Every structure is written in structure tokens, then in C-alpha cells.
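# Structural characterization, general
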Amino acid sequence: MAKLFRTAIMGPPGSGKGTISKRIAQNVGLQYLSSGHFLREGIAANTDAGVLVKGYVERSMLVPDHLMSRLMLPRLEQLTGHSWLLDGFPRTIAQAKALNDICQMDLVISLNIPFETLRERVSDRWIHPASGRVYNMGFNPPQVQGRDDVTGEPLIQHADDRPEALQARLRHYKDVAKPVMNLYKKSVLLSNAEAASKPLGSLSQGILYQFSGTDTDRIWPYISSLLSTKISTQPLDTCQPSAQA
Ligand SMILES: Nc1nc2c(ncn2[C@@H]2O[C@H](COP(=O)(O)OP(=O)(O)O)[C@@H](O)[C@H]2O)c(=O)[nH]1
Ligand SMILES: Nc1ccn([C@@H]2O[C@H](COP(=O)(O)OP(=O)(O)O)[C@@H](O)[C@H]2O)c(=O)n1
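One structure accompanies this document, and this report is about it. (Residues numbered from 1 in each chain as written. Chains lettered and ligands numbered in written order. Predicted model: local features only at pLDDT ≥ 70, side-chain atom pairs only at ≥ 80, totals over all residues. Heavy atoms only, no water.)

With that out of the way, let us pick up unusual backbone geometry. Omega for the peptide link from F89 to P90 comes to 0 degrees, which places this bond in the cis form. In this structure, P90 sits in the loop between β3 (84–87) and α5 (93–102). Residue N46 is not a glycine yet carries a positive backbone phi of 55 degrees. Relative to the helices and strands, N46 resides in the loop between α2 (35–44) and α3 (48–58). For N46, a relative accessible area of 55% corresponds to the exposed category. (Helix = DSSP H or I, 4+ residues; strand = E, 2+ residues; numbered from the N terminus. Buried < 20%, exposed > 50% of the residue type's maximum accessible area, 1.4 Å probe, protein only.)

Here is the structure:
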């Protein structure tokens, strides 16, 4: 049985989750699942789920938990036997609990980046909508200005990367991320049944690692080294619900 590794990356918009996830996926060879990408993909393809979430994403609001869980959990259930990395999910405590019900997480990375850095990065972010490839005119510019490196198709900016939308997204992020981080922070692991009857603080799991700074290239070596340590000490396992009953 292979060593499986289930991880998630958290951080405000523009904190480098996508950029770092790409490096993790390349280095560790796990499946990368970006909830934001799935949402935008569904909206662009006008799927049933896309129609339901469109209004929220366009207004930079959080999509309701039940819709996010419906979008993400079946994909994870199909990945039994694979290691994966989640970006953008779980965003809320309800999403984290829903994830706990199907799987025990091994590691959660949280990025703590100053606001001014986020603002600069996001205003300079360009994406290739079909693939989700992300560019930054200073940090990782495309080979041809305004064009995707692989397909040559035009790059666009997200409407929700406008400065006024960023403020709103940051407010949402701070409000909802704190309880999720508390859940993953400390070192007690309870069954879902026990946890359901306890206050939030006692749900904690001791798998959160926080990285601060203004440069992805400076943060990355620390994350890379953490991953090497964690993966080499990971017990043989499959994806199990976190219930310990
Ligand atoms: N200048 C600069 N830009 C960065 C750095 N790290 C990431 N970026 C860019 O900042 C933007 C936001 O990064 P992204 O990975 O999309 O963040 P996410 O919203 O957390 O997924 C993108 O345009 C990245 O190319 C960095 O260290 N310096
Ligand atoms: N768990 C999630 C993830 C994304 N979203 C929505 O998708 C948008 C883009 O999410 P994202 O993860 O690609 O981007 P950032 O907000 O991290 O830059 C958010 O502004 C939300 O509207 C959500 O509602 N719930």
C-alpha cells in the first residue's frame, strides 16, 4: 500500500497558493485540486453547478458550504489511492468538518502575507482561463505579453482581482479562516461524534504550519523542506474518515 499524503493550502487572495501549489505538485507528484479553478470552469461551461455559483463568485462572495462540498468532495472520493493537495477548500469551518468526515488530513499550510503585497500582486495577476495558468507581469511574466505560454491564447484578469473586490475578499477570508486554522492547529484529535458535542477549540488537530513573508521564493525552501520531512515520516495508509470511534 502506497504512502498517501493529503494536504491543503490556505491563505488570502494573492498570497501565492496557486504558485506554491504548482511547485508542490511538481516536486511531490500529487494531484492538485483548486476549488477556484473548478468554480470558474463550471461558470465558463455553464454547467448546473456553474449556474448556481456564478452570482457568488462574480460578487466576490463565498459560495454556500453545501455547494462547495458538493463540488469538491466527490472529486476527492474519486481519488482514493492518490495523494492530493487542495487549494481554496476548505475555506470555512463547515467545509473543514465535511472534509473531515471523508478523510484524515496530514498537513495544512497557511500563508501569511502583508496586505500591501497582496494588493500589488493581485493587480498584476493575469490568467489563462481555460487552464488556470497564472502569470504576474513582474514575477513570472508570459513569454509573449498578454498570451499564454502553452496555447498562445489571450490572458485575462479576474473581475474579482479589482482593488475594491480584493478588500471584500480579504474581509471574508479573515472572518472565516480563523476557525479553520484553529481546527487544524492544536493537537487533539476527536471522533466526529465527540467533536460534534464539543466547543470548537477542542476539535483541533495539530497539522497547521504557517509561513510568513513577502516573497514566494523565500518561503518556498521552508515549505519544500517541511514536505520532505512530512512525506518521509508519513505512515502507510489510505484515506480514512477522521472519526476515531
Ligand atoms: N511579485 C511577486 N509576485 C508573486 C509572488 N508569488 C506569487 N506571485 C504572483 O502573485 C499573484 C498571486 O499569486 P497566486 O499564486 O495566484 O495566489 P493565490 O490567489 O493565493 O492562489 C500571481 O500573479 C503570482 O504570479 C512573489 O513572490 N512576488
Ligand atoms: N471554498 C471556496 C473557494 C472559492 N470560492 C469563490 O471563488 C472565488 C475565487 O477563489 P480562489 O480560491 O480562486 O481565489 P482567491 O480568493 O484565493 O484568490 C472566491 O472569491 C469565492 O467567490 C468560494 O466561495 N469558496
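Right, let's get into helix α6 (residues 115–123). Every buried residue of α6 is listed here: T117, L118, R121 and V122. On an axial view of α6, the arc spanned by its buried residues comes to 120 degrees, and they lie on one face. In this structure, the buried residues of α6 make contact with β5 (125–128), β6 (133–136), α7 (163–185) and α9 (216–232). (Arc of directions from axis to C-beta. Contact = heavy atoms within 4.5 Å.)

The environment of ligand 1 is formed by 18 residues, the closest being G14, T19, R125, N140 and T216. In the model, an oxygen atom of ligand 1 is placed 3.1 Å from a nitrogen or oxygen of the G16 main chain. With respect to ligand 1, the side chain of T19 contributes an N or O atom lying 2.6 Å from an oxygen atom. For ligand 1, whose free accessible area comes to 580 Å², the fraction covered by protein is 89%. (Near = heavy atom within 4 Å. Polar contact = N/O pair within 3.5 Å; in protein donor to acceptor, adjacent residues only side chain to side chain. Areas by Shrake-Rupley, 256 points an atom, 1.4 Å probe, with all protein chains shown as cover.)

What follows is about empty space enclosed by the protein. In this structure the tally under the stated criterion is 1 cavity of 30 Å³ or more. A volume near 50 Å³ is recorded for the largest cavity. In terms of lining, the largest cavity is formed by I9, M10, G11, K17, G88, F89, P90, R91 and Y173. By residue class, the composition of the lining of the largest cavity is 5 nonpolar, 2 polar and 2 charged. (1 Å grid on protein atoms, 1.4 Å probe; cavity = no way out; pocket = protein on both sides within 12 Å on 5 of 7 lines; lining within 4 Å. Points joined across faces, edges and corners; volume = space filled by probe spheres on them. Nonpolar A, V, L, I, M, F, W, Y, C, P; charged D, E, K, R; others polar.)

By the element assignment, L79 lies in the loop between α4 (65–77) and β3. Taking the C-alpha atoms as reference points, L79 and T117, separated by 38 residues in sequence, lie 35 Å from one another. Not counting residues up to four positions away in its chain, the partners in contact with L79 are R6, Q31, L33 and W84.

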